[in-house]
Amino acid sequence: MNADFVVVGAGSAGCVVASRLSETGATVTLLEAGPTDWYPFIHIPAGVRTLLRNKRMNWNYESEPEAVSGNRPIHWPRGKVLGGSSSINGMLYVRGNATDYDGWAQMGCRGWSFDDVLPLFKKSEDYKPGDSSVRGKGGPLKVEDYRTILPLTHLFVKAAQEAGFTFNADLNGHSQEGVGYSQMTRRGRFRGSTARTFLAEARGRANLRVETNAIATRLLFEGTKCVGVAFRQNGVDREIRAAREVIVSGGAVNSPHLLQISGIGPAEHLKSIGAPVVLDSPGVGANLIDHYVIRISHRVKDLVSLNNLARGPRVVAEAIRYVVTGKGALTMGVTSAQVFCRSREGLASPDLQLLFTPASSDPMRIGELEREAGMTVAICVVRPDSRGTIMATTTDPTAKPAIRPNYISAAEDLRVMTAGFRHTRRIFAAPSMAQHSAGEIAPGPSVESDLDVADYARRAGNTLYHPVGTCRMGEDPRAVVDSRLRVRGIGGLRVIDASIMPTLTTGNTNAPTIMIGEKGAMMIREDSGLAA
Ligand SMILES: Cc1cc2nc3c(=O)[nH]c(=O)nc-3n(C[C@H](O)[C@H](O)[C@H](O)COP(=O)(O)OP(=O)(O)OC[C@H]3O[C@@H](n4cnc5c(N)ncnc54)[C@H](O)[C@@H]3O)c2cc1C
């Protein structure tokens, strides 16, 4: 087998890269470890809860138990299906803050300032209501407002204003700060994964080949040039050669893992697991950054929450409503409103995201809704200082790597988390929320002092599923890829996915990763002299 370009991983970024490269007429083969996205609950937005632990379409990783987060493994879902994590995620569309990208440029990443990346966000997007100076129209990625909003969500937005946060009509518009309603990557009543948007548009092209159930097992080198990929498909080992480039888009866990088992990584570690050393690249698997959240939940006394709509005769009524009108609870994702705010005065941009869900679950069993009505705010430190690692433990391509996120190990992260906890309690205490609350059920009023909050964070915090940074972009010696996403020291190889982010963006990571896919594909086209 051969192709001009071989893309490993059909996720948020990989589908964009394969789609945009195939526009040029070059031959592109996209290898995806998981199956096609046939499973109906991928496409019905409310089906998201059934995907969190799905055995066939999810890698279901776990972090190593670490003292900083209560010595417990934390479940790390990642999509293993066409569309990757965009097929199993909460569908929130959040671009991040302009200062995130300006910060990347200041760190030496040439061409990544907000002014540089805004045209790419716009190129991807189709959001009808937005101001067209900042929002895109007519792109493959459909972004929509919620079709049905429960009264509890409106009350949260009102209560946040009562607590002093300004209303923001478009959290992806000119300013990110304040309280506003969520936007979703949804096409009408269906999820808008990158498989059902970018890839679906490209699938008719004869020069694009998509191979599912095809796990890349090793990158192939001639000296320090990557020339192809070995992969296993339905139990058969095969190889594909790339005439131009190999692009690794396996995500923040699998991209560093594939590089390491192929011989690109910290030399001492590679030797310790018996991997060849093609290039000593100490940054591969380092700089792991993730969003860690704690939750405050309240029992709701007199209004309907998703807990009620998700069971009994009401779920049947919602299913009929969905089929007949394309509206109702089944079109909802997880977070219906958000606040972007600051932990202290004097910061240049928000360092906290408070995510409101008109539902509640046991903090240790996220996604399993309680019987009685509830509502929850997840408190997220959006630009954490803590850093962890992802390291292969054997050369077996199917073995899970060791994930050590090192959550809240930086004292500053706990300070910001505690500030977010207090902001959230103020919102719940505001009149519009307080009158419908039957009391805080998690963590409960006994958690009060800073030490209590830190203890709660260690025993009950969770990932918000946004790992990045493990193949960090930069121009310094420890950077894995350069500003054009080429693996430093190796020819014919780029990494294009969430793993290249040097720092986390202010908010959820799907939209930024899609932008990275757009920019990566654009740079390949420029560098290869292919049609712009
Ligand atoms: C449960 C969950 C909820 C989330 N909610 C949101 C949200 O609401 N909003 C938001 O903005 N972000 C959300 N995110 C995060 C967001 O979806 C991710 O940041 C983004 O999808 C990452 O894109 P990626 O291209 O880096 O990796 P992925 O989308 O994970 O794609 C990687 C792909 O590569 C494939 N692959 C990996 N290794 C190999 C191999 N060796 N061979 C072949 N194929 C391989 C994988 O199977 C996968 O399909 C969520 C994530 C999860 C898991």
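Residues numbered from 1 in each chain as written. Predicted model: local features only at pLDDT ≥ 70, side-chain atom pairs only at ≥ 80, totals over all residues.

Undergrad: Outline the overall build of the chain, supporting the account with residue identities and numerical values.
TA: Regarding its fold elements, the chain presents 15 helices and 24 strands. In summary, the chain has a C-alpha radius of gyration of 22 Å against a globular reference of 24 Å for 532 residues, a match within 12%. Classification of the 532 residues of the chain by burial places 57% in the buried group. Residue pairs in contact within the chain that sit at least 24 positions apart in sequence constitute 69% of those at least 6 positions apart. (Helix = DSSP H or I, 4+ residues; strand = E, 2+ residues; numbered from the N terminus. Rg over C-alpha atoms; globule rule 2.2 N^0.38 Å. Buried ≥ 20, exposed ≤ 12 C-beta atoms within 10 Å, placed from the backbone. Contact = placed C-beta atoms within 7 Å.)

Undergrad: Any chance you could break down the site of the ligand for me, citing the residues and the numbers?
TA: The environment of the ligand is formed by 42 residues, the closest being G9, G11, G84, G90 and N508. Elements supplying a minimum of two residues to the shell around the ligand: α1 (12–22), β11 (214–222), α8 (251–262) and α15 (510–528). Considering each element in turn, the shell around the ligand owes the most residues, four residues, to α8. Split by residue class, the shell around the ligand holds 18 nonpolar, 20 polar and four charged. (Near = placed C-beta within 6 Å. Nonpolar A, V, L, I, M, F, W, Y, C, P; charged D, E, K, R; others polar.)

Undergrad: Describe unusual backbone geometry, and please don't skip the residues or the numbers.
TA: Here the amide bond leading from A442 into P443 is cis, since omega sits at 0°, within 30 degrees of zero. Position of P443 relative to the elements: it lies in the loop between β22 (437–442) and α14 (450–460). With a phi angle near 55°, N71 is a residue other than glycine that sits in the positive phi range. Within the element layout of this structure, N71 appears in the loop between β3 (61–62) and β4 (75–76). Although it is not a glycine, N213 adopts a positive phi angle of roughly 50°. Checked against the element boundaries, N213 lands in the loop between β10 (208–211) and β11.

Undergrad: Talk me through the domain arrangement of the chain; I want residue IDs and the actual numbers.
TA: Split into domains, the chain comes out as domain 1 (1–55 + 81–144 + 191–289 + 388–404 + 466–532) and domain 2 (147–181 + 292–381 + 408–460). Computed from C-alpha atoms alone, the centre-to-centre distance between domain 1 and domain 2 is 30 Å. Residue classes in the side of domain 1 that touches domain 2 are distributed as 10 nonpolar, six polar and four charged. (Domains from an automatic or database assignment.)

Undergrad: Let's hear about the sheet that holds strand β9 (residues 190–191): which residues, and what values?
TA: Reading across the sheet, the four strands line up as β5-β6-β8-β9 and stay open at both edges, with mixed pairing between neighbours. With one partner strand each, in any of the chains shown, β5 (125–126) and β9 form the two edges of the open sheet. Sheet topology places strand β8 (residues 183–187) next to β9; two bridges connect them, and they run antiparallel. Residue pairing for β9: R187 is matched across the bridge by F190. (Pairing = 2+ DSSP bridges.)

Undergrad: Residue-level account of α14, with values.
TA: Regarding α14, the residues found buried are V453, Y456 and A457. Each buried residue of α14 lies within a common arc of 100° when the element is viewed along its axis, so the set occupies one face. Looking at the buried side of α14, the elements it contacts are β16 (292–300) and α12 (411–429). (Arc of directions from axis to C-beta.)

Undergrad: Just give me the short version of the nonpolar core, but keep the residues and values in it.
TA: V6 and A18 are the most contacted members of the largest nonpolar core, which totals 160 residues. If you count residues domain by domain, this core takes at least three from each of domain 1 (1–55 + 81–144 + 191–289 + 388–404 + 466–532) and domain 2 (147–181 + 292–381 + 408–460). Those residues in contact with A18, other than ones at most four positions away along the chain, are V7, V28, L30, L199, A202 and L208. (Core = buried A, V, L, I, M, F, W, Y, C linked by C-beta atoms within 7 Å.)

Undergrad: Break down the environment of D290 for me, with residues and values.
TA: The topology assignment puts D290 in the loop between β15 (279–280) and β16. Measuring from C-alpha to C-alpha, the distance between D290 and V381 comes to 9.5 Å, with 91 residues separating the pair along the chain. Once residues within four sequence positions are removed from consideration, D290 is found in contact with P405, T463, H466 and P467.

Undergrad: Could you give an account of the pairing of β8, with specific residues and numbers?
TA: A regular strand places its side chains on the two faces of the sheet in alternate fashion. Counting buried positions along β8 yields four of five residues, so the element is predominantly enclosed. Pairing between strand β6 (residues 141–145) and β8: three bridges, direction antiparallel. Residue pairing for β8: V143 is matched across the bridge by T185. Once β8 ends, the chain turns through two residues before running back antiparallel as β9, passing G188 with a positive phi of about 60°.

Undergrad: Go over α12, please, and point to the residues and values.
TA: The periodicity of an α-helix, 3.6 residues per turn, causes residues three or four positions apart to be oriented the same way. Along its 19 residues, α12 runs 27 Å from first to last C-alpha, staying within 8% of the 27 Å computed at 1.5 Å per residue. Regarding α12, the residues found buried are D413, V416, M417, T418, A419, G420, F421, H423, T424 and I427. (Expected span 1.5 Å × (residues − 1).)

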